[in-house]
Amino acid sequence: MKLQELKNRRKALVEKMPKNSIAILSSANRNYRTRDVENPYRQDSDFLYMTGISEPNLINIVFEKSGEIFSVLFRNNTSEHEKIWDGSRLENSDILENSGFSEVQSYDDYEEKILNYIIDKDSIYIESGLNPELDDFIYEKISKSGKNNRKNYIFPKKIVALHSVTQKLRLIKSDYEIELIKEAAKVSIIGHQEAMKKSKPGIYEYELDAEIKYVFNKNNMHFAYMSIVGSGNNACTLHYIKNNNLLKDKDLVLIDAAAENQGYASDITRTFPVNGKYTKEQALIYDLVLNAQEKAIEFIKPGVTWEQVHEITVEEISKGLVALNLLPNDINRVINEELYKDFFMHKTGHWLGLDVHDVGEYENILFEPGMVITVEPGIYINLINKKIPKKWRGIGVRIEDDVLITKNGNEVITKNLVKKRNEVELMCSASDV
Ligand code: GLY
Ligand code: MN
Ligand code: MN
């Protein structure tokens, strides 16, 4: 990671905390799939944001003293045992230089050292749960602080949830972060294109999932979340990840899949016909969702709120469903009584960044340049919805793009992936050779 980027983040963190505060961050633990078989390591997003390092067993503290910013990393060098089983990691001296820490100290004796750093601070910004030993240590020291025990005298202290600060910092992306998200999106787009080209009746959902993951891995990326490859009625199951059904002629397939690049997620959904041609009903629903998505995106610019974006989407979807006689012919009632929720039951989008559903408040936040969001309306007519004429049932459509708020409006980061019906059909009929 760029050194200047890390320096900017440390400075911003210190500026957001009251004077005489200290932030204490812990790395994520290793995570096991079965007994001793590890999942790929994923760093805690806040820790990654503040250090750029993807390793377990680390603690980072950040504070300001006499106008200077200090960032101390606690980390052990590679043990002889590790060298044999897992290979060597960077030396602490390299980390010190590459990542611009003030000091890198041994993890083994962090307790005594941390105590020295927090002893004269008023507030400790920490997120409990990641490192129970560290949590216990801090809370024990603080609870003892009232006693007349000079060694442990660290009273008074205020403990504050670290995320209250980091979520504000992470909400506005730097140019560096935006570039990483764009690279992730670029690879995700290729994955979706491959899936469209490879789709045909008679193959399985997991085969399309595999095509997509192959593209991610070939580009040294990882999936940002478990892919949803839902054909037919599976598209109506919002969190469908089994991906084990056969693709059938005349069905749609909804694919919500995207790559993560150096921790930064993209998030894309497209819905296309298994056989490359939308049926009449599918086309009507598809165009309705697309219209709602495009109207919402058109409106997005600095100063706009999530509430407004959702309102536009709801209005467009409701009007469209009324026009198709799928909802009563009373638009005010449809909206006020939330009848549209039978078909569109989730929010229009979310923040995007180091977490797919990135950190940040939603209520009464005005969009600002540098924020990155998704816009992902959908209509889901589940087979179990017996109130609706049969010809509509089993159609699920979601269209999702990633949008950067810019000074004058917005930029659709994922705009290079086909979206208009005829373009999607064309992509489905294209082949690789
Ligand atoms: N892929 C997760 C979402 O769209 O929110
Ligand atoms: Mn999303
Ligand atoms: Mn998604």
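What counts, and at which threshold
- Residues numbered from 1 in each chain as written.
- Chains lettered and ligands numbered in written order.
- Predicted model: local features only at pLDDT ≥ 70, side-chain atom pairs only at ≥ 80, totals over all residues.
- Heavy atoms only, no water.
- Donors = N, O, S within 2.8 Å, 3.2 Å for Na, K, Ca; no water.
- Tetrahedral: all angles 85-135°; square planar, octahedral: opposite > 155°, others 65-115°.
- Helix = DSSP H or I, 4+ residues; strand = E, 2+ residues; numbered from the N terminus.
- Buried < 20%, exposed > 50% of the residue type's maximum accessible area, 1.4 Å probe, protein only.
- Near = heavy atom within 4 Å.
- Polar contact = N/O pair within 3.5 Å; in protein donor to acceptor, adjacent residues only side chain to side chain.
- Areas by Shrake-Rupley, 256 points an atom, 1.4 Å probe, with all protein chains shown as cover.
- Pairing = 2+ DSSP bridges.
- Axes fitted to C-alpha atoms, helices over the stretch in contact; angles between N-to-C directions.
- Patch = residues over 30% accessible without salt bridge, like charges linked within 9 Å, V, L, I, M, F, W, Y side chains within 5 Å.
- Salt bridge = Lys/Arg side-chain N within 4 Å of Asp/Glu carboxyl O.
- Arc of directions from axis to C-beta.
- Contact = heavy atoms within 4.5 Å.

Caption draft 1: Expanded view of the coordination of the manganese ion (ligand 2). Only Asp267 (OD), His350 (NE2), Glu376 (OE) and Glu400 (OE) from the protein coordinate the manganese ion (ligand 2), and they sit 2.0 to 2.2 Å from it. For the manganese ion (ligand 2), the 6 donor atoms in the first shell make angles of 51 to 155° at the metal, so the coordination geometry reads as irregular. Between the donor residues of the manganese ion (ligand 2), the gaps in sequence give the motif D-x82-H-x25-E-x23-E. Taken as a pair, the manganese ion (ligand 2) and the manganese ion (ligand 3) show a spacing of 3.3 Å, with aspartate 267 coordinating each metal. Residue histidine 350 is found in the loop between helix H12 (331-336) and strand E15 (372-375), and its partner glutamate 376 is found in the loop between E15 and strand E16 (378-381); the two are separated by 26 residues along the sequence. Among the residues examined, histidine 350 registers a relative accessible area of 7% and is labelled buried. Residue glutamate 376 is classed as buried on the basis of its relative accessible area, which comes to 9%.

Caption draft 2: Quick look at the site of ligand 1. Surrounding ligand 1, one finds Tyr225, Asp256, Asp267, His350, His357, Glu376 and Glu400. The contact in question runs from an oxygen atom of ligand 1 to an N or O atom on the side chain of aspartate 256, over 3.2 Å. At 3.1 Å from a nitrogen atom of ligand 1 is found a side-chain nitrogen or oxygen belonging to aspartate 267. In isolation ligand 1 exposes 190 Å². Once the protein is present, 82% of that is buried.

Caption draft 3: Focus on the sheet that holds strand E19 (residues 410-412). Pairing is antiparallel in the open sheet, where 3 strands are placed in the order E15-E18-E19. The open sheet terminates on both sides in strands that have one partner only, identified here as E15 and E19. Across the sheet, the mean angle from the axis of one strand to that of its neighbour is 30°, orientation sign disregarded. For strand E18 (residues 401-405) and E19, the ladder comprises 3 bridges, and the chain directions are antiparallel. Residue pairing in the sheet places leucine 404 in a bridge with glutamate 411 of E19.

Caption draft 4: View of a nonpolar patch on the surface. Together, Tyr204, Tyr206 and Leu246 make up an exposed nonpolar region whose accessible area comes to about 260 Å². Mapped onto the elements, leucine 246 comes out in the loop between strand E10 (228-231) and strand E11 (252-256).

Caption draft 5: Summary view of helix H4 (residues 92-99). Inspection of H4 places Asn92, Ile95 and Ser99 among the buried residues, and these make up the whole buried set. Angularly, the buried residues of H4 cover 55° about the axis, an arc narrow enough to put them on a single face. Where the residues of H4 are buried, they touch helix H1 (3-16), helix H2 (45-51), strand E5 (68-74) and strand E6 (103-105). Immediately beyond the C-terminal end of H4, within one or two residues, lies glycine 100, with a positive phi of roughly 65°.

Caption draft 6: Representation of the sheet that holds E11. Pairing is antiparallel across the open sheet formed by 3 strands, whose spatial order is E10-E11-E14. Two strands close off the open sheet at either side, each with one partner strand: E10 and strand E14 (269-273). Averaged over all pairs of adjacent strands, the angle between their axes in this sheet comes to 15°, without regard to strand direction. Of the strand pairs in this sheet, E11 and E14 are connected by 5 bridges, and their pairing is antiparallel. Each bridged residue has a counterpart across the sheet, and for leucine 254 the counterpart in E14 is threonine 271.

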